Structures are given as C-alpha cells and as structure tokens.
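Secondary and tertiary structure notes
Below, each chain spelled out in residue letters.
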Amino acid sequence: MSKTPPPADFDENPEWTEEDFARARPASEMLPPEVAALLVRRRGPQAAPTKKAVTLRLDLDVLDKFRATGPGWQSRMNEALRQAKV
C-alpha cells in the first residue's frame, strides 16, 4: 500500500529562516542543568600517557598534504614518521 505524500505546504523539516536563528538558544539555556551536562562530552585522563604534545615547524606543502587527507591526519603523520625509522 502506498503512502499518500503530505500536502506541499507541510514540511516536517523546513529550512531555518533568519528569524528562526535569531530565536534559537543553546541547549544549556533551555534544558535543566543535569540534562545539559549529559550533552557535554569530555575525555577523561589517560591511564598511562603514551603521547606528548610538541611544537614542530613543517614545510607548508607537507602539512597541506597531510591535512588534505581529512580527519585523523595527525595520526597518519605520526605513522609516517614511525615508518621512516629515523
């Protein structure tokens, strides 16, 4: 049995207007604090830190190539350095 499509003026997910954005409020203002706190993701401390943050100057072309590979580029760069066995 085919479902009848909704009328053209009925949209369950309409595009937001400037007025919608102006009225929007963050969840932290709208939800009870105990519920809003559940929405915040925090990473706990590492049991045994295995990496160290460093400052490193790289050529722009090298950095651009790794960044162009998308999320996780830092891990891929780490692996490339590991495989270089310097």
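Before any of the text, the structure's been laid out above.
Let us look at the structure shown here.

What about the packing of helix α4 (residues 60-67) against helix α5 (residues 73-84)?
Relative orientation of the contacting elements α4 and α5 amounts to 120°, with a least axis distance of 8 Å. Accordingly, the angle class assigned to the pair α4 and α5 is oblique. Taken together, the residues of α5 that come into contact with α4 (itself represented by L63, F66 and R67) are W73, R76, M77 and A80. Along the lines of polarity and charge, the residues of the contact of α4 with α5 split into five nonpolar, no polar and two charged.

Let's talk about the pattern of salt bridges
A complete count under the given rule lists three salt bridges for this structure. Ionic pairing is found between D20 and R23, a salt bridge with its closest N-O pair at 2.7 Å. Residue D20 and its partner R23 are located together in helix α1 (residues 18-23), separated by three residues, close to a single helical turn. Among the ionic pairs, R82 bridges to E79, the shortest N-O distance being 3.6 Å.

A word on α5
For α5, spanning 12 residues, the distance from its first C-alpha to its last is 16 Å, which sits close to the expected 16 Å at 1.5 Å a residue. At the exit of α5 stands K85, carrying a positive phi of roughly 50°.

What about a nonpolar patch on the surface?
On the surface, a cluster of nonpolar side chains totalling about 370 Å² of accessible area is made up of M30, L31, V35 and L39. Here V35 lies in helix α3 (residues 33-36). Judged by relative accessible area, V35 falls into the partly exposed class, the value being 35%.

Criteria and thresholds
- Residues numbered from 1 in each chain as written.
- Predicted model: local features only at pLDDT ≥ 70, side-chain atom pairs only at ≥ 80, totals over all residues.
- Heavy atoms only, no water.
- Axes fitted to C-alpha atoms, helices over the stretch in contact; angles between N-to-C directions.
- Helix = DSSP H or I, 4+ residues; strand = E, 2+ residues; numbered from the N terminus.
- Parallel < 35°, antiparallel > 145°, perpendicular 65-115°, else oblique.
- Contact = heavy atoms within 4.5 Å.
- Nonpolar A, V, L, I, M, F, W, Y, C, P; charged D, E, K, R; others polar.
- Salt bridge = Lys/Arg side-chain N within 4 Å of Asp/Glu carboxyl O.
- Expected span 1.5 Å × (residues − 1).
- Patch = residues over 30% accessible without salt bridge, like charges linked within 9 Å, V, L, I, M, F, W, Y side chains within 5 Å.
- Areas by Shrake-Rupley, 256 points an atom, 1.4 Å probe, with all protein chains shown as cover.
- Buried < 20%, exposed > 50% of the residue type's maximum accessible area, 1.4 Å probe, protein only.

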